[in-house]
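Letter by letter, the chains look like this.
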Amino acid sequence: MTGSGQRIVHDQGEHPAAHVDALAELELALHQPLPHKLQGVLQAAADALREAMSERQGAQRRYEALFDAVPDPVSILSATGVVLDVNTSGVNAYGRSREEIVGQPIELLNPDLPANHLEPVWETLKRGQTYVVEVTNMRGDGSRFPVEVHSAGFEHDGQPCIVAVARDLSRRWQAETRYRLLLESIDKGVMLFDRNLGIVSANPAAHRIFNMSGMAPGRLPLNSDEWITVDEHGRRLGLDQWPVAKAFRNGRIIPSTIIGLYHRPHGRMIWISITTVPVFSSDCDLPDHVFSLFSDITELKRDHALFDRAQSLAHIGGWEWDRGQQCLYLTGEAQRILGQEQPPDDLEQLLSCLNSSSRQLLRDAMEREAEHRGGFELELQGQRANGHSFWIRMIGEVEPGDLASTRIAGTFQDITEPKHAEETLKNQARTDPLTGIMNRDAALTDLEMRLSNPSHAGVAVLYIDLDRFKTVNDVLGHNAGDQLLIEASRRIRDAVGTEGLLARFGGDEFVVTCDARDVPQRPEQLAEAITRAFAPSFLFGKDEFSVTTSIGIARAPQHGLRPQQLIQSADLAMYECKRRGRNGWLEFCEEMERRQHDRLQIERRLRKALERHEFRLVYQPQVDLQSGKIIACEALIRWRNRQLGELRPDIFISHAENTGDIVRIGEWVLHEACRQVRQWQDEGLGLIRVAINVSYRQFSGDRLARLVRDVLDEHGLPGAALELEFTERVLIEDAPSTLRTFAELRQMGVMLTIDDFGEGYSALNYLRTLPIHGLKLSQLFISGVPNNRSDVAVCEAVSGIARSLGLGLVAEGIESEAQRQYLLQLGVPVGQGFLFAPGLSPVEFAHKLR
């Protein structure tokens, strides 16, 4: 038996000790004074032995390659079931290292094996046969997967061994499951018959079609006291005329045949269209089973009667509503008029084809007709599956002689064209010429009419803005921007359907007005539908852009009683949605209005903060995690306003980026930080590298590199004194310009670091090409280590990325000794956080440095 560290297939370049010793002795002898002939013989022997060893080494390599090239897991077992070797596929499949497997009993991989499981294996192998069994293997993480194991015997070093090849059956099991689900979910009946015409199996659709209290008949439903069977012309069928019997007799497929079955106990007539397929066993002339696939065409028979009624009344399509059975029957022409992918088969599905006002009209008319009779005639509007709207004139009445009013029948008449012609002139004045939907004035007029009617108090507004529209417009031009607006309006319109009224409100902003009286959650449902509609990317030739939506929702009367007030509330909710990350929706609340007021207050005072000298910098040390020595610092900005007090950077920095003030503030930070480094150097503290945060807005254009050069020159500092930290958003704003700026900064010696790596866009494809120096682990992930598995996983992943790309790594937000120890073990060299020091004033930092 080999040990856990030695393979049956030897490592490359390894030779038996006897061969190596023999070659060494031959070479030693060649250096001794020998007769010329003897020396020639020894030389030939040495060359032959060396060539043999080389051929053996090549054979070993080919054997190893073949062993590890097998795509299925292969294990070599001793006679007692100990794993002697395992190939690369086995290591990958079992999720364990080779050292964890080799030398262990096979029960490590097959924990469910019985104690005597090797007895039948050896009995089979001794007969010269292959032993095949299905078992469940276990991975290193405890998960299981089914395999089919083929075992064969061989000898190694004179000992009997077993080679076992495991084929993963997961996909086959999945395929069998999908096949079973297919049979259970299709609406066609499927039955399997034996040669005695007994039913071996039947799928759920077969049970439903025969409606036999959950049980399909046990044999063919032939003429008996229970069943009467006829062909499509009403003639009785004998046993030999049944398609199943014909398939057994002829051994050929019997195509679609119409058969009628009358079930006497239930007084129910069923019409089916049946196709029969014979199934042959190996080496048989006649089938031993027959598959029958059949459809219920009873409704088609009923359609003929309904169509005749429609023709007699000189209308286009006929319908009938069976209140007792809760079933709706439509003629083919009625289905065409409605234009749905799946024809409605009950009243609720018919109502769903209509808009909200027409829906209520039809529901009320049906209830009145069932109670009072008298008939009704309505003009109703709805939408087809292709997105086109329709108008119908619907006439209905209780069928004559129906004392219980269980059946209401009538006709559809398509009046779409005259209705559309009537609306064309009105719509031209209310339509946006680019997208073809309502314009701003039409939306405001409609909303004002709704709000003026007390019964429409439940109206809601969805304010929709396209995320990244400006990027498409700027990069590809206005024609592409127009195409995007047209496609976006189509997606919104399809998502909204008849549930709301869509308008283009201006630019890349849209408004949907809907009625939330009958369905209070309708605004949220529409917002979800619109969000899903924008999941696929937009294509412009070979260019592909992901454009999402930010949606704000406001309701009347809670969020406004006037059109402008309601839209303004929805607009505020939309902007709050953008602030939280876009691609979603939010409903307006009073807190948003308060935050809007606070935002305006902050932004108004932020513009004058520099002139009033309200900013200051503090410096947080960056230390060597091993020694605790300070090696750099990060400059952190603070703002104290006389009216607002001390504000955290996470509050005012985002406002500064939105208003563009961040560019001026960033320049001040750069000047002040470099001035302070110069002062520390003049005080004899040496050259301190200071890290400052740079906004993505400062990267626009080529100004940042020139500014850094000028500031460094002004204070007489080398580029190594400065480190610029930027978030991952910088990577996607303008990649070519960013690369140029990064290259110029790096030439100066300035260090470049991605801050809060992993929190943002994680544009990993840029890391391969950007000339950056390092990454910064966010305190968002540091806070959970070493106990939170998710945070540990993220830290390990980022550390691995940095290590593999040769980038430096700094951890921020270290607050405990346990976190420091974990980061040291992970290989993170530098960190900062309250464990070492908070942000210090320049004097405090200099004192700590001394």
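*Asks:* So what's going on with the sheet that holds strand β8 (residues 227-231)? Residues and values would help.
*Replies:* Spatially, the 6 strands line up as an open sheet ordered β7-β6-β11-β10-β9-β8, and their pairing is antiparallel. With partners counted over all chains shown, the strands left at the sheet margins are β7 (199-202) and β8, one partner each. Adjacent strand axes in the sheet meet at a mean angle of 30°, parallel and antiparallel pairs treated alike. Judged from the 3 bridges that link them, strand β6 (residues 189-194) and β7 form a sheet pairing that is antiparallel.

*Asks:* Hey, could you go over the confidence of the model for the protein for me, with residue numbers and the actual values?
*Replies:* Taken residue by residue, the protein gives an average pLDDT of 82. The fraction at 70 or more is 88%. The low-confidence segment residues 1-5 (pLDDT under 50) makes 8 contacts with residues lying over four places distant or belonging to another chain. Below a pLDDT of 50 lies the segment residues 310-315, which in the model reaches 8 contacts outside its immediate sequence neighbourhood of four places, other chains included.

*Asks:* How would you explain the packing of aromatic side chains if you had to name every residue and give the values?
*Replies:* Tallied over the full model, the rule gives 11 aromatic pairs. Considering the side-chain rings of Y94 and F145, the 6.3 Å spacing of their centres and the 35° angle between planes classify their relative orientation as tilted. Of the two residues, Y94 sits in helix α3 (residues 88-94) while F145 sits in strand β4 (residues 144-156), which places them 51 residues apart along the sequence. Since its relative accessible area comes to 3%, Y94 is described here as buried. Relative to F505, the ring of Y463 lies with its centre 5.9 Å away and its plane at 75°, an arrangement referred to as edge-to-face. Remark: F505 occurs in strand β18 (residues 500-506) and Y463 occurs in strand β17 (residues 459-466); sequence separation between them is 42 residues.

*Asks:* Which residues make up the nonpolar core, and what values go with them?
*Replies:* I692, V708, L722, I772 and L775 are the most contacted members of the largest nonpolar core, which totals 76 residues. Top element by residues in this core is helix α21 (residues 662-682). It accounts for 8 residues. Formed by 27 residues, the second largest nonpolar core is a distinct cluster that contains L466, L485, F534 and V547.

*Asks:* Kindly report on the sheet that holds strand β13 (residues 327-330), identifying the contributing residues and their values.
*Replies:* Neighbouring strands of a sheet are bound in pairs by backbone hydrogen bonds; such pairs are parallel or else antiparallel. Read from one edge of the open sheet, 5 strands run β13-β12-β16-β15-β14, paired in antiparallel fashion. Each edge of the open sheet is held by one strand with a lone partner, namely β13 and β14 (376-383). Neighbouring strand axes in the sheet, compared pairwise and without regard to direction, differ in orientation by 25° on average. Note that strand β12 (residues 317-322) and β13 share 4 bridges and pair antiparallel. Across the sheet, the residue bridging to D322 is C327, located in β13. Those strands touched by helix α12 (residues 356-372) are β12, β14, β15 (389-398) and β16 (407-414), and its axis lies near 150° from that of β14.

*Asks:* Describe the environment of M748, and please don't skip the residues or the numbers.
*Replies:* With respect to the helices and strands, M748 occurs in helix α24 (residues 735-748). Sequence separation between M748 and V708 is 40 residues, and the spatial gap between their C-alpha atoms is 9.1 Å. Setting aside its immediate chain neighbours within four residues, M748 contacts A705, V708, R709 and G719.

*Asks:* Give me the packing of helix α16 (residues 478-496) against helix α17 (residues 522-533): which residues, what numbers.
*Replies:* Two numbers describe how α16 lies on α17: the axes approach to 9 Å, and their chain directions differ by 140°. In this view, α16 runs oblique relative to α17, as classed from their interaxial angle. Crossing angle aside, the handedness with which α16 passes α17 is right-handed. In this structure, α16 uses R491, I492, A495 and V496 to contact α17, whose residues at the interface are L526, A529, I530 and A533. Residues of the contact of α16 with α17, tallied by class, amount to 7 nonpolar, no polar and 1 charged.

Conventions used here
- Residues numbered from 1 in each chain as written.
- Predicted model: local features only at pLDDT ≥ 70, side-chain atom pairs only at ≥ 80, totals over all residues.
- Heavy atoms only, no water.
- Pairing = 2+ DSSP bridges.
- Helix = DSSP H or I, 4+ residues; strand = E, 2+ residues; numbered from the N terminus.
- Axes fitted to C-alpha atoms, helices over the stretch in contact; angles between N-to-C directions.
- pLDDT = per-residue confidence, 0-100.
- Contact = heavy atoms within 4.5 Å.
- Phe/Tyr/Trp six-rings, centres within 6.5 Å; stacked < 30°, edge-to-face > 60°.
- Buried < 20%, exposed > 50% of the residue type's maximum accessible area, 1.4 Å probe, protein only.
- Core = buried A, V, L, I, M, F, W, Y, C linked by side-chain atoms within 4.5 Å.
- Parallel < 35°, antiparallel > 145°, perpendicular 65-115°, else oblique.
- Left-handed = near helix turned anticlockwise from the far one by under 90°.
- Nonpolar A, V, L, I, M, F, W, Y, C, P; charged D, E, K, R; others polar.

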